[in-house]
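Report on the structure
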Amino acid sequence: MYDNRASESAVTADDIKIEAKGVNVHYGTTHAIKDVDVSILDKTVTAFIGPSGCGKSTFLRCINRMNDTIDVARVTGDIRIDGEDINDARVDPVQLRAKVGMVFQKPNPFPKSIYDNVAYGPKIHGLAKNKGDLDDIVERALRRGAIWDEVKDRLHAPGTGLSGGQQQRLCIARAVATEPEVLLMDEPCSALDPIATGQVEELIDELRRDYSVVIVTHSMQQAARVSQKTAFFHLGNLIEYGDTDEIFTNPKDPKTESYITGRIG
Amino acid sequence: MTDATQIPSSGAARPAGKSIITTDDRTKKRNAAEKRFRMYGIAAILAGIACLVVLLGSILMNGASAFQQTFIQVPVYLNPEAVDPNGNRDPEEMGSATTFTYKPIVVDAMAALVEERGIETEIDPGDMDALFSAAAVAQVRDRVLANPELVGETVTFNILASSRVDGYLKERVSRDSVARDSNIDAGHLDIVDELRAEGDVVKRFNWDFIFGADASESRPEQAGMGVAMLGSFFMMLVVLGLSLPIGVAASIYLEEFAPQNRLTDIIEVNISNLAAVPSIVFGILGLAVFIQFMEFPQSAPLVGGLVLTLMTLPTIIISTRAALKSVPPSIRDAALGVGASKMQSVFHHVLPLAMPGILTGTIIGLAQALGETAPLLLIGMVGYIATNYPDGVASGFLDPNSAMPAQIYEWAKRADPAYYERAWGGIIILLVFLFAMNAIAILLRRKFERRW
């Protein structure tokens, strides 16, 4: 099923989950992503780093086709998940997004109860046959989101009443409730305090066991802490991609070096 | 970026230390300007409140009396020879006795009452009809036809006083004005004074003004808002039933689904323009399209409702779109992110959040439509609706009817000053409806607003 390219890829890893080739994104007249090739592994945390406006979030949104919702955005190129082209005309973005969950920069729980927040995805995808099933799914998701102990007594309280860090973990629980295979995180900690950030980072490390996690982050320390692979974007180009240790200790490209030493960005 | 930039040292010497306790001229000026601005604001608000007080005060002062009506308690002997010449108490045969038959009976009863109270008067007993309304006779006849067993007995009726007598009790008619009035003499007023002292002439709350039908130009004492209220009610049903679904569907499509291109821009601009089109234009459109081309009945609440729907739609679309726009995009992202389809994200998440705004906009639009008069003039929903309430009431969407504001306009233009009071009274009723609708809007907003 896998492409030949997979074996040619510089990445020496087990399973390639997402394979992007020649991806270009235009916002109107702006060329936001320029010819990006990248292979993202299963059961790995991959960090996208780079200065603001370098296109890392845009690229992330290509992977579950969230750019479809922006009228002026035009995506070209080839992105495959498990060898299947996600931009194929036969692909329903709804099915794709059930497979590729997403957590956003700002915690955005629905203005509903904690339970309903988590149960919504499984409900619309028909994952639960009955109420008991749904309860199990919700509990499992909240446990995976490392928030179960804090909310188990108030599942029917509004999700927006939680603290910022709790809200973000609720959003992660909501994302994993639909049993995705890939989890995209767009700067999930940028609105959180250091303690909540620590909790979410721990959680990301946990999630690696089952998912391919792609995280966009502004914080190089965070990338170094949580990821095994790092991609450095600059002005829409993917400058360097490799093992996180390698990128931070021995970057090949001078631009990468400038960025991680704090001279650009 | 890495070069440290030199901060130039200020050339001039720093002025000698100023105290922060003494205010300097600049600060004084600024404070004065601030104070002035506050005064302007307060003055504007006070002016607004004063206008409102004057408006409501004058409406209440002029209109409150319309809710009271003068009645005369008269024992009427229902002469069987006149009302039931066949003597079989069959309501159908008794129906052949018209109000012409009944009028002398009531006149006689009136004269008998005057005599019984020992009132000396130069008024001819036959001229007693100036005291009571022409409607009173019909009132007596209706009651007799409904209860034939009353025939032959003396029954005490509360009959409507004539508008002149009513006006005399409300101080609209004076002895000076009566001198120039061919309908009533000063002698009648003397009788009224005496009967009032005896408690036979009383002012009471007049439910018929709220629930009754309009009356002809010569019988202002009988006129009521009820039928016009029904007309307005039917129109509002049409407006609500059409404009809410159409408006909300159009807004959702334009806001959430439609591609952003020249065509949607044009549609958007035109909707905004339509909201500013004078209502009479919609009236003439309704006349041309609904009545002349589609041949819907004239004066029907259905047509009025259609015209008002056209008028209300832009308001509803604009407010609904604003409500949808105010829902944070992160909610849409969240829904799409867990794999909801566009429609699921709109109907499960966006629409419930936009609901308070949509409902408020809709009710404000309805309230606007309820008070609209101009388009109704053109489709014939203004005028005297001849109907005896509650029988033969204009009960459907296709029966000729009027509407509350049109009824007020109709009363205001009639010559009899007694109608002037009723026009103001009608405005009170209309305002009560508008206040009630706004209150409902606020309550619904509170109910649907999510505080989390």
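Up top you'll find the structure we're talking about.
Structural notes, computed from the coordinates. Only a predicted model underlies this, so the values are computations on that prediction, with no experimental measurement involved.

Procedures and definitions
Residues numbered from 1 in each chain as written. Chains lettered and ligands numbered in written order. Predicted model: local features only at pLDDT ≥ 70, side-chain atom pairs only at ≥ 80, totals over all residues. Heavy atoms only, no water. Pairing = 2+ DSSP bridges. Helix = DSSP H or I, 4+ residues; strand = E, 2+ residues; numbered from the N terminus. Axes fitted to C-alpha atoms, helices over the stretch in contact; angles between N-to-C directions. Contact = heavy atoms within 4.5 Å. Buried area = accessible area lost by both parts, 1.4 Å probe. Polar contact = N/O pair within 3.5 Å; in protein donor to acceptor, adjacent residues only side chain to side chain. Nonpolar A, V, L, I, M, F, W, Y, C, P; charged D, E, K, R; others polar. Salt bridge = Lys/Arg side-chain N within 4 Å of Asp/Glu carboxyl O. Buried < 20%, exposed > 50% of the residue type's maximum accessible area, 1.4 Å probe, protein only. Expected span 1.5 Å × (residues − 1). Arc of directions from axis to C-beta.

Residues and elements named next belong to chain B. With antiparallel pairing, three strands are arranged side by side in an open sheet as 2-1-3. The open sheet is flanked by strand 2 (154-160) and strand 3 (201-205), the only strands paired with a single partner. On average, adjacent strands in this sheet sit at an angle of 35° to one another, irrespective of strand direction. Here strand 1 (residues 68-77) runs beside strand 2; their pairing, made up of seven bridges, is antiparallel. By the bridge assignment for strand 2, V76 is matched with V155.

This brings us to the interface of chain A and chain B. Listed by partner, the interface residues are 24 residues for chain A and 19 residues for chain B. Surface buried jointly by chain A and chain B totals about 1,900 Å² across both partners, of which 64% is contributed by carbon and sulfur atoms. Summed over the three residues of chain A that lose the most area to chain B, namely A:F110, A:P111 and A:Y120, the buried surface amounts to 28% of that side. At the boundary of chain A and chain B, one finds four residue pairs in polar contact (both at pLDDT 80 or more). Every element with two or more residues in the side of chain A that touches chain B is listed here: helix 3 (93-99), strand 6 (100-103) and helix 4 (114-124) of chain A. Across the side of chain A that touches chain B, the residue classes tally to 12 nonpolar, seven polar and five charged.

Moving on to the pattern of salt bridges. Counted according to the given criterion, the structure contains 36 salt bridges over all chains. Between A:E150 and A:R169 there is a salt bridge, with its nearest N and O atoms 2.9 Å apart. Here the residue A:E150 occupies a position in helix 6 (residues 148-151), and A:R169 occupies one in helix 7 (residues 164-177), the gap between them amounting to 19 residues. Here A:R169 falls in the buried class, since its relative accessible area comes to 4%. Between B:R175 and B:D193 there is a salt bridge whose closest N-O contact spans 2.7 Å. On the criterion of sequence distance, the pair formed by B:R175 in helix 7 (residues 175-179) and B:D193 in helix 8 (residues 186-198) is long-range, its members being 18 residues apart. Of the residues examined, B:D193 reaches a relative accessible area of 31% and is grouped as partly exposed. Overlapping salt bridges, with partners in common, bring together B:D166, B:K170, B:R172, B:E421 and B:R422 in one network.

This part takes up helix 8 (residues 194-207) of chain A. All names here are of chain A. Between its terminal C-alpha atoms helix 8 stretches 20 Å, which fits the 20 Å expected from 14 residues at 1.5 Å a residue. Among all positions in helix 8, only A196, T197, V200, E201, L203, I204 and L207 are buried. In a view along the axis of helix 8, the buried residues occupy a sector of 160°, so they form one face of it. In this structure, helix 8 carries P194, I195 and E202 as exposed residues pointing more than 90 degrees from its buried face. As for helix 8, its buried residues are in contact with strand 3 (45-49), helix 5 (131-144), helix 7, strand 7 (182-186), strand 8 (212-216) and helix 9 (220-226). Its side-chain oxygen placed 3.0 Å from the backbone nitrogen of I195, D193 serves as the N-cap of helix 8.

The next point concerns the pairing of strand 10 (residues 237-243) of chain A. Residues and elements named next belong to chain A. Most of strand 10 sits out of view: five of its seven residues are buried. Two elements, strand 9 (residues 229-234) and strand 10, share six bridges in a ladder whose sense is antiparallel. Counterpart to H234 in the pairing with strand 10 is N237. Here strand 9 hands over to strand 10 after two residues, with L235 in that stretch at a positive phi of 50°.

These figures come from the coordinates and say nothing about function on their own.
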